[in-house]
Amino acid sequence: MHVAIVGNGVAGFTAALELRRLDPDCRITMISGESTYPYSRPALMYVFMGHMRYQETKPFEDRTWAEQRIELRRAWVTKVDTAAKRLELHEGEPLSYDKLLLATGSHSNTFGWPGQDLPGVQGLYGLMDLKALYDNVQGAKQAVIVGGGLIGVELAEMLHAVGVHVTFLVREASYWSNVLPAEESAMVTRLIRAAGIDLRLNTELAEIHAGPNGRVGWVTTKAGERIDCQLVGLTAGVRPNTQLCEGTPIETGRGILVDRHLETSVDGVYAAGDCAEIVTEGERPRPVGGEPERLRREGEGAPERPPEERARTLLQQVWYTGKAQGQCVAKSILGQPTEYDPGLWYNSAKFFDLEYQTYGFVHAEPQAGETRGWWEHPDGGLGLRIVAEDGAVTGFNAMGLRLRHRVCERWILERRSPAYVLEHLAEAGFDPEFARRHEPAIAAALAPQLGVEVTA
Amino acid sequence: MTPRPLPIAYDFDEEAFGFGAPQGTPESPSAAEAPGAAGYAALGAIALGVLSFAAQLADAPHAGTWIGLLSGLPLAFGAAAVYFWLSYRGTTPGIKHDGIFFGSMTARGTLAWAAGLGLTAFYVVLYWLPSAGRIAKLEAGEGIPSQARVWTLKWTSVLFERGIDSLDPLATLLSGKPADKWFLYGTLYTLAVLAFGVRMLLKYRHNRYQIVRTLSVMVFQLGFAFLIPNLLKAFRYPEYYFTYFWPLKYDYLFPSSVSYLWNTPGGMGVFMVFWGLAATFVATPVLTYFFGKRWYCSWVCGCGGLAETLGDPYRQLSSKSTSAWRIERWLIHGVLVFVVVTTVALWVTRGSKSPVASGLYQWYGFLIGAAFSGVIGVGFYPLMGSRVWCRFGCPMAAILGIFQRCFSRFRITTNGGQCMSCGNCSTYCEMGIDVRAYAEKGENVVRASCVGCGVCAAVCPRGVLKLENGPTHGDRFAGSENPVGTFLDSLTSGPKV
């Protein structure tokens, strides 16, 4: 059997390694136009800033792929022929397959802004964008970044590190306020400003204008303000790459539609990672993995959608979900249909010097029936939020504190009470040895907010 | 939304990414953080200290005085510490690695090669410069060497001796004796640990593990590896380093040293013999069981102390390849066998003047004691990273590593699924451990070579790694029920994909 994998991101390469682990005999070809060897996409910023070189971002030594007998093909796939089971490539012979995995990732959202195709305007997703950034940053003194999510703050940090003045346009009243509760959002907002970024809240991009050289010269906001810039970063989320499915029977929605086994509407064709939209319609509220459906959340970057629609499909676009889907889809491809279990949501990020971790469900806005508690260190650089519902803890947000993933997850799944969690908080601590301990202060601050008594 | 066209070609070589700073930006990061007037004053003071020391090598009048001494190396290193403070003062606490792979000094550029050659040359002079008497004989025509060689040797010797003599006031104060070359070496070493220790304290001021650990190596170097050995001399006790043990300080358990200490009048020598035995045979296994080899390698040891301070800017240069790991395992255990064989041979043949045993002693001293630990170990910092000796050569590290791998509570825990494989941990591991390979699988890092510096955990942007002491069995590592067997297997196998 020959499995062709389109895309060598985390979903693609995890599936390839898992296929080899489960089946020593199948032929595996991984095709990518972006890079010869898999690399870690989240590390792009560190390459640009000089923390690492590209070679350090590769999770595996180059020889791994030959040792694992995974053929790597550097090419862009231009057409998928599901009837003939054949891929056409931008150069060279077409490739026939028995099973196909589409792990094509996603690309930066654009919303039809006038001027968005000008030279000097770019997103930040892959190596093509990094190459564009190396080119676009030449001679740039000022940059405008549009869209207040995780990639926006990364790009701001990258440009700031090389001495480019950054104006960061955020549509909302506070940074990433559709995901972060007010206090966390305020903390990050303060930090971005303290770092020297000109963060403009409640500001929307109207138009991108060309300068005299035909490249981007300035932008105007909806309030009519003009901001001069030689580079524009569009970081308003990402959108699945579904282009290869056009003209094929493979059904698409926002992403490539797959069932719980990550198989598309065409037999033998699968999708995983950023590009896959998992249909869960009609299955709700069937629990998967034993925990309630409401404990799931979509990936960062997915546009806001009404709740009734949210229940029907699942679009997860973070590193670990790509990895989990890659592991799952390998089994399905080998004829052991395996349901993808998204597990309890978690995520992490770093905003300049501030680390952020989240476990379970922490909504931006308080939900009906929830109680929420927030502790913040007097110096403003540390914070912890605990959310509870029906006498059980349902979520954690940690700012500048490290929490132990498995402990937080266990407490949420075991429906531990807020009092129990506050009394045992030290068990969830993951800060380095000798770090100052804040558990007593946290417990004292959170107990009244969560309506519990805590014995010291 | 305009449909995004499929990219149909590529016009870059991604393997070249990250080797140079993004080009054409108006202000480089270094320009943005220019040192300012105070910074230039500190740089000037460094230059003044170097000049004052150089003038003493040219036999300036202040040579050999306290003014000369203090205005030389201590001024230069002290001003360096002030410069580090001024540089870090304006930054926010956190990981500051911008431009590491663009810097000439930190990315094997011209400056790094110059520094590597300079350090290597210093060690060659320190270990192998012929004595003044020997050079005088050469000058008199013995063996008919070339004139250029004699001239070079003579002037190197003159400058080296003047450098040593410039420290006489301090050496006399501490030990009651004039300085020798080892006093010059010890002074430079201690000043480097202190000045670059200040840099480390500032760089990691957000991380109390790094602060406590760095203070520890600074105190052990200044107190136990510099002041106390010299004060012992002043009280006519043997010069003894209480923080160096066999087999790193190999001769401490050789018959010659043991009998010398044992026969020293008063109880001090006997105490030193017992101290050395207890350190090697009791403290090493017991402390390693509780804390891992870090209790020594990154908290106490002088070699580790220099690597963690002066060597910190070079930690990213260690090779993470499995072939380097393979070489490491053969080499370091080979050195361990070498020192054990030498020690046993010396004890078995003691009193009989065996040429084999004394030959082993001499070759071990030359190859391992001088060439490997000094010339390569420190001289190659800017080219191969700060822990070349500790990783590939140190027999003490080999023993500590075996205990750490098989019988210790220490491990680096990885935090569930939070790893996103960025590679910062592996990049900044000075021991060349591919930490990411464990972190992305959610496995504990239990490796013989890990010195527990904690930098992988510090640089992780997702809070994935934590140094911990916990139960020796259970989930410490796969195969922890049979630690010795697993360890022996791991000597010849590579990492699992």
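Residues numbered from 1 in each chain as written. Chains lettered and ligands numbered in written order. Predicted model: local features only at pLDDT ≥ 70, side-chain atom pairs only at ≥ 80, totals over all residues.

## Concerning the sheet that holds strand 10 (residues 142-146) of chain A
Residues and elements named next belong to chain A. Read from one edge of the open sheet, five strands run 9-16-10-11-12, paired in parallel fashion. Strand pairing shows two members of the sheet lacking a second neighbour, strand 9 (121-122) and strand 12 (198-200), which therefore form its edges. Strand direction decides the pairing type here: strand 10 and strand 11 (residues 165-169), joined by five bridges, are parallel. Bridged to isoleucine 145 within strand 11 is phenylalanine 168. (Pairing = 2+ DSSP bridges. Helix = DSSP H or I, 4+ residues; strand = E, 2+ residues; numbered from the N terminus.)

## As for the environment of alanine 192 of chain B
Residue and element names in this part refer to chain B. Within the element layout of this structure, alanine 192 appears in helix 9 (residues 181-203). We classify alanine 192 as buried; it has 20 C-beta atoms within 10 Å. In this structure the C-alpha to C-alpha distance between alanine 192 and methionine 431, which are 239 residues apart in sequence, comes to 21 Å. Contacts of alanine 192, omitting those with residues within four sequence positions, involve Phe77, Leu306, Thr309 and Leu310. (Buried ≥ 20, exposed ≤ 12 C-beta atoms within 10 Å, placed from the backbone. Contact = placed C-beta atoms within 7 Å.)

## Here we look at the packing of helix 2 (residues 36-57) of chain B against helix 4 (residues 73-89) of chain B
Residues and elements named next belong to chain B. Contact pair helix 2 / helix 4: the axes reach a minimum separation of 7 Å and the direction vectors enclose 165°. Looking at the two axes, helix 2 sits roughly antiparallel to helix 4. As for how helix 2 packs across helix 4, the hand of that crossing is left-handed. Contacts from Ala38, Gly39, Ala42, Leu43, Ala45, Ile46, Leu48, Gly49, Val50, Ser52 and Phe53 in helix 2 reach Leu73, Leu75, Ala76, Ala79, Ala80, Val82, Tyr83, Leu86 and Ser87 in helix 4. Taken together, the residues of the contact of helix 2 with helix 4 sort by class into 16 nonpolar, four polar and no charged. (Axes fitted to C-alpha atoms, helices over the stretch in contact; angles between N-to-C directions. Parallel < 35°, antiparallel > 145°, perpendicular 65-115°, else oblique. Left-handed = near helix turned anticlockwise from the far one by under 90°. Nonpolar A, V, L, I, M, F, W, Y, C, P; charged D, E, K, R; others polar.)

## Quick word on the interface of chain A and chain B
Think of interface size as the accessible area that goes away when the parts come together; that is how it is often given. Listed by partner, the interface residues are 62 residues for chain A and 60 residues for chain B. Listed by contribution, the elements that provide at least two residues to the side of chain A that touches chain B are helix 2 (44-49), helix 4 (127-136), helix 8 (319-333), strand 22 (346-351), strand 23 (354-360) and helix 9 (405-413) of chain A. When residues in the side of chain A that touches chain B are grouped by element, the largest group, five residues, is from helix 4 of chain A. Each residue belonging to the side of chain A that touches chain B can be placed in one class, and the counts come to 29 nonpolar, 21 polar and twelve charged.

## Focus on the packing of helix 6 (residues 132-139) of chain B against helix 7 (residues 147-165) of chain B
All names here are of chain B. One can describe the packing of helix 6 onto helix 7 by two numbers: an axis separation of 10 Å at closest approach and a directional angle of 155°. Between helix 6 and helix 7, the angle is such that the two are roughly antiparallel. When the axes of helix 6 and helix 7 are compared, the crossing they make is left-handed. Taken together, the residues of helix 7 that come into contact with helix 6 (itself represented by Ala132, Ile135, Leu138 and Glu139) are Val150, Leu153, Lys154 and Ser157. Here the residues of the contact of helix 6 with helix 7 are counted per class, giving five nonpolar, one polar and two charged.

## Describing helix 6 (residues 182-194) of chain A
Residues and elements named next belong to chain A. Look at helix 6: 18 Å from first C-alpha to last across 13 residues, which is about the 18 Å you get at 1.5 Å a residue. Within the span of helix 6, buried status applies to Glu184, Ser185, Met187, Val188, Thr189, Leu191 and Ile192. Two residues or fewer after helix 6 comes glycine 196, characterised by a positive phi angle close to 100°. (Expected span 1.5 Å × (residues − 1).)

## Points about the environment of isoleucine 327 of chain B
Residue and element names in this part refer to chain B. Checked against the element boundaries, isoleucine 327 lands in helix 15 (residues 322-348). Its 14 C-beta neighbours within 10 Å are what place isoleucine 327 among the partly exposed residues. Once the C-alpha coordinates of isoleucine 327 and phenylalanine 392 are considered, the two residues, 65 residues apart in sequence, prove to be 7.7 Å apart.

## What about the nonpolar core?
In terms of nonpolar packing, the biggest core is built from 258 residues, with Ile5, Leu101, Leu102 and Tyr270 of chain A together with Cys456 of chain B touching the most fellow members. No other element matches the ten residues that helix 9 of chain B contributes to this core. Contact partners of tyrosine 270 of chain A, with chain neighbours within four places excluded, come to Leu100, Leu101, Leu102, Val258, Leu262, Glu263, Thr264, Val329, Ser332 and Ile333 of chain A. Counting seven residues, the second largest nonpolar core, distinct from the first, contains Leu167, Leu174, Phe183 and Leu184 of chain B. (Core = buried A, V, L, I, M, F, W, Y, C linked by C-beta atoms within 7 Å.)

## Topic: helix 9 of chain B
The end-to-end C-alpha distance of helix 9 of chain B, which contains 23 residues, comes to 32 Å, matching closely the 33 Å that a straight helix rising 1.5 Å per residue would cover. For helix 9 of chain B, the buried fraction is high: 18 of the 23 residues fall into the buried class.

## A word on the domain arrangement of chain A
Residues and elements named next belong to chain A. Here the domain parsing of chain A yields domain 1 (2-107 + 239-333), domain 2 (110-235) and domain 3 (353-450). Taken over C-alpha atoms, the centre of domain 2 sits 32 Å from the centre of domain 3. If you look at the interface, domain 2 gives eleven residues, while domain 3 gives ten residues. A per-class count over the side of domain 2 that touches domain 3 returns six nonpolar, two polar and three charged. (Domains from an automatic or database assignment.)

## With respect to the sheet that holds strand 4 (residues 77-81) of chain A
Pairing is antiparallel in the open sheet, where three strands are placed in the order 4-5-6 (chain A). Because the sheet does not close on itself, it has two edges, and the strands there are strand 4 and strand 6 (95-96) of chain A.

## Overview of unusual backbone geometry
Residue and element names in this part refer to chain B. Along the chain, tryptophan 246 connects to proline 247 via a cis peptide bond; the corresponding omega equals 5°. The topology assignment puts proline 247 in the loop between helix 10 (208-234) and helix 11 (255-262). The phi angle at aspartate 59 is positive, at roughly 65°, despite the residue not being glycine. Mapped onto the elements, aspartate 59 comes out in the loop between helix 2 and helix 3 (66-70). Residue aspartate 59 is classed as exposed on the basis of its C-beta count, with 12 C-beta atoms lying within 10 Å.

## A closer look at the environment of phenylalanine 361 of chain A
Residue position: phenylalanine 361 of chain A is located in the loop between strand 23 and strand 24 (370-376). Its 19 C-beta neighbours within 10 Å are what place phenylalanine 361 of chain A among the partly exposed residues.

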